[in-house]
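# Report on the structure
If you want the building blocks of each chain, they are given just below.
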Amino acid sequence: MSPTPDASLVRIGWDDEVEQFAAPHLAAGRSVGRVSATSRGFDTVRTPDGDVLSDRSLARHRAAGLDGPPVVGDWAAVEQVDRAAAVVALAPRRGVVVRRDPGEHADAQVVAANVDVVGCVFGLDRPVSLRRVERLLVLVHEGGASPCVILTKADAASVEELRAVLDDLATLPGTPPVVVTSVRTGTGLDDINRLLLPARTLALLGESGAGKSTLTNALVGSDLQHVGDVRARDRRGRHTTTVRRLLPCPEGGAVIDTPGLRALGMWDAVEGLAEAFPDIVALAPRCRFRNCTHRDEPGCAVRRAVASGELAKARHRSYLDLRAELDDVEDRRVARVRRHGEGRRPRPAPRVTDGLDEIDDLDDDVD
Ligand SMILES: Nc1nc2c(ncn2[C@@H]2O[C@H](COP(=O)(O)OP(=O)(O)OP(=O)(O)O)[C@@H](O)[C@H]2O)c(=O)[nH]1
Ligand SMILES: [Mg+2]
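Only a predicted model underlies this, so the values are computations on that prediction, with no experimental measurement involved.

## Focus: the overall build of the chain
Within the chain, the regular secondary structure consists of 10 helices and 13 strands. Expressed as a percentage of the 367 residues in the chain, the buried residues total 45%. A sequence separation of at least 24 residues applies to 67% of the contacts in the chain between residues at least 6 apart.

Rendered as structure tokens:
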């Protein structure tokens, strides 16, 4: 019979699948917990015996057949190696956030693992770009988590401004759930708390200054995360958060706070693209050519829909841009595989970097 699972881990998502992964490790005297922070060289793993600092140089992820080192949200088995601790196995990941590594454009970067809901966070103190929302949705769909748009700082927007943003979001087919919040007035916090129950994981993604850490603090009920003010000129943030961190919430569930995204490049998100653009997918069978790219082919039903006003021009443009970016990623990936003298598959393992690598200035490549 397996021992009773630790209540604090059950509250942040320990379930039967994790139990299955954990059983042989526990039997072998290792501890199993959830990665709550990653930084250069060390990963913090929350275990029933407290936080364990695992030395990444000792982690045996390659030997254990893992794609890369642990990321925040992973369930990990930790072994004592001499006087240090090392992660020796990771549970299969469900619901990941993967983007193109901003430094290495032919690599993937897993941002967080075992995520149930991704909150795409936008501050209402500055314009909300529908194109950014679309881009985030593609990424979230591809990773298998549920998307949710979180509009923060409701107290900083007029009723008309809020209405305009909500109307814009409503034009997206299959509009994701939208939650409007303000930490000043408490608006929407109950709704977010409900997303976390009973033991779900919410990852917050968005630009610097959007209010991710402020919201995290409100959800965990304590000022654990640093908060920075935004520039008066353009309401941009100052990249206050530099590492990803998973924090348990008092009622159950966990929130993952992440550094502000400067670059949100696509990585292998063809399925995510299709899910985020069901309107274009629905039109495609009416194109003359089965492999129509909806760019300039004759008899293209998508372009016809744009001409007739059935499909917004900006949405078509957005689709084409994201598609081109994915093709570019694929070309680079294939070129890399060729350079390494392998076949097209299996693809090279995504390289995983720690949160500090997010700090590279590609701020404007998103819109
Ligand atoms: N008026 C108002 N301001 C808010 C609200 N939430 C956050 N802010 C402010 O927005 C600014 C940025 O907040 P942060 O939580 O640091 O933003 P962040 O998304 O974590 O930023 P990075 O860590 O840089 O990515 C701070 O000055 C907060 O006080 C809100 O609900 N209302
Ligand atoms: Mg922050």
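## What about the site of ligand 1?
In the vicinity of ligand 1 there are 26 residues, among which Ser208, Gly211, Ser213, Thr241 and Gly260 approach most closely. Among the elements that take part in the shell around ligand 1, helix α6 (residues 212-220) stands out by supplying three residues, more than any other. Here the shell around ligand 1 is composed, by residue class, of six nonpolar, 14 polar and six charged.

## Points about helix α5 (residues 189-196)
When we look at burial in α5, the residues that qualify are Ile192, Leu195 and Leu196. Mapping the buried residues of α5 onto a view down its axis gives an arc of 100 degrees, with all of them on the same face. Residues of α5 that are exposed and angled more than 90 degrees away from the buried face: Asp190 and Arg194. Buried residues along α5 sit against β8 (117-123), β9 (146-152), β10 (178-180), β11 (201-206) and α6.

## Some remarks on unusual backbone geometry
The linkage connecting Leu197 with the following residue, Pro198, adopts the cis geometry, with an omega of 0 degrees. Structurally, the position occupied by Pro198 is in the loop between α5 and β11. Its identity as a non-glycine residue notwithstanding, His294 has a phi of 65 degrees, on the positive side. As for its placement among the helices and strands, His294 is situated in the loop between α8 (278-283) and α9 (301-307).

## Description of the confidence of the model for the chain
In this model, the chain carries a mean pLDDT of 85, and residues with pLDDT of at least 70 account for 85%. Counted against residues more than four places away or in other chains, residues 342-367, with its pLDDT under 50, gives 59 contacts.

## So, helix α2 (residues 16-27)
In a regular helix each residue adds 1.5 Å, so 12 residues correspond to 16 Å; α2 covers 16 Å between its end C-alpha atoms and thus fits that length. Two residues or fewer after α2 comes Gly29, characterised by a positive phi angle close to 90 degrees.

## Looking at the nonpolar core
Judged by nonpolar contacts, the single largest core of 85 residues is most densely connected at Val97, Ala112, Val115 and Val118. Ignoring any residue separated from it by four or fewer positions in sequence, one finds Val118 in contact with Val97, Val140, Ala145, Pro147, Cys148, Ala203 and Leu205.

## As for the pairing of strand β6 (residues 97-100)
Covered by surrounding structure in β6 are Val97 and Arg99 together with Val98 and Arg100, the residues of both alternating faces. Pairing between β6 and strand β7 (residues 108-112): four bridges, direction antiparallel. In the sheet register, Arg100 faces β7, and the bridge partner there is Ala108.

## So, the environment of Asp229
Its location among the elements puts Asp229 in the loop between α6 and β12 (245-248). Exposure remark for Asp229: the 10 C-beta atoms within 10 Å place this residue in the exposed category. Separated by 11 residues in the primary sequence, Asp229 and Thr240 have C-alpha atoms spaced 8.7 Å apart.

## Brief notes about the environment of Arg317
As for its position among the elements, Arg317 is in helix α10 (residues 313-339). A C-alpha to C-alpha distance of 9.6 Å links Arg317 and Arg131, two positions 186 residues apart in sequence.

## With respect to the environment of Ala254
Position of Ala254 among the secondary structure elements: in strand β13 (residues 254-257). Along the sequence, Ala254 and Leu202 sit 52 residues apart, while their C-alpha atoms lie 6.3 Å from each other. Every residue in contact with Ala254, bar those within four places of it in the chain, is listed here: Ile12, Gly13, Thr201, Leu246, Leu247, Pro248 and Cys249.

The rules we used
Residues numbered from 1 in each chain as written. Chains lettered and ligands numbered in written order. Predicted model: local features only at pLDDT ≥ 70, side-chain atom pairs only at ≥ 80, totals over all residues. Helix = DSSP H or I, 4+ residues; strand = E, 2+ residues; numbered from the N terminus. Buried ≥ 20, exposed ≤ 12 C-beta atoms within 10 Å, placed from the backbone. Contact = placed C-beta atoms within 7 Å. Near = placed C-beta within 6 Å. Nonpolar A, V, L, I, M, F, W, Y, C, P; charged D, E, K, R; others polar. Arc of directions from axis to C-beta. pLDDT = per-residue confidence, 0-100. Expected span 1.5 Å × (residues − 1). Core = buried A, V, L, I, M, F, W, Y, C linked by C-beta atoms within 7 Å. Pairing = 2+ DSSP bridges.

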